[in-house]
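Structural characterization, general
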Amino acid sequence: MTEFTPIASLVGGMLIGLSAALLVLLEGRIAGISGIAVRLLPPWRDGLFAQRLAFVAGLVAAPLLVSAVTGTPVVQTVSADLALMAVAGLLVGCGSVWGGGCTSGHGVCGMARLSPRSAVATLVFMSTGFLTVLVMRHVLGG
């Protein structure tokens, strides 16, 4: 069973919203993680490589900083099955391409802008996530 952490989830959501709002207000750009990450690959056309690298490095450094400050390790439970993880990663990547963005771009920024396209994308990926959990936990018993 997944641990219920309403306070940590609320604080984390507020920080995500704040960072997305600051990126829009200060830079005029959407905080879509898949778009930021994919633009780390060549060709680099807009001179924003350092900013994108810093953004992604912050995503990696944040749990390490939390662990250092609190003195407790950040626990993330993922499957030990590398083949399953590879398939899951490919599915997420394909979904991001087909959906024209990821959960952060559509679910956080697009919904905040009242984008109909983002509302549909968010409905699709949330429904898919719910269905996946249902099947994995209750049908296949994983």
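Residues numbered from 1 in each chain as written. Predicted model: local features only at pLDDT ≥ 70, side-chain atom pairs only at ≥ 80, totals over all residues. Heavy atoms only, no water.

**Here's the deal with the overall build of the protein**
- Scanning the protein for helices and strands turns up six helices and zero strands.
- Along the protein, helices and strands appear, N-terminal first, in the series α-α-α-α-α-α.
- Seen through its principal axes, the protein has C-alpha atoms that stretch 50 × 40 × 30 Å.
- Sorting the 142 residues of the protein into buried and exposed places 14% on the buried side.
- Taking contacts inside the protein between residues at least 6 apart in sequence as the whole, the part at least 24 apart equals 33%.
- Total accessible area on the protein is roughly 10,700 Å²; 75% of this is exposed by carbon and sulfur atoms.
- Averaging the positions of the 7 positive and the 4 negative side-chain charges in the protein gives two centres separated by 12 Å. (Helix = DSSP H or I, 4+ residues; strand = E, 2+ residues; numbered from the N terminus. Buried < 20%, exposed > 50% of the residue type's maximum accessible area, 1.4 Å probe, protein only. Contact = heavy atoms within 4.5 Å. Areas by Shrake-Rupley, 256 points an atom, 1.4 Å probe, with all protein chains shown as cover. Lys, Arg positive; Asp, Glu negative; His and termini not counted. Charge placed at Lys NZ, Arg CZ, Asp CG, Glu CD.)

**As for the confidence of the model for the protein**
- For the protein, per-residue confidence averages 88 on the pLDDT scale, and 98% of positions sit at 70 or higher.
- Confidence, read as mean pLDDT per element, is least for helix H2 (residues 33–38) in the protein (86) and greatest for helix H6 (residues 116–139) (92). (pLDDT = per-residue confidence, 0-100.)

**Here we look at the pattern of salt bridges**
- The full count for this structure, using the stated rule, is one salt bridge.
- Put simply, Asp 46 and Arg 52 hold a salt bridge, and the shortest N to O gap is 2.8 Å. (Salt bridge = Lys/Arg side-chain N within 4 Å of Asp/Glu carboxyl O.)

**A closer look at unusual backbone geometry**
- Following Pro 42, the chain continues to Pro 43 via a peptide bond in cis, the omega torsion being 5 degrees.
- Examined against the element boundaries, Pro 43 turns out to sit in the loop between H2 and helix H3 (49–70).
- Despite not being glycine, Leu 114 has its phi angle at roughly 60 degrees, a positive value.
- Relative to the helices and strands, Leu 114 is located in the loop between helix H5 (103–112) and H6.
- The exposure class assigned to Leu 114 is exposed, which follows from its relative accessible area of 72%.

**Describing helix H1 (residues 6–27)**
- If you check H1, its first and last C-alpha atoms are 31 Å apart, about what 22 residues at 1.5 Å a residue would give, namely 32 Å.
- In the stretch just after H1, Gly 28 is the one whose phi turns positive, near 70 degrees. (Expected span 1.5 Å × (residues − 1).)

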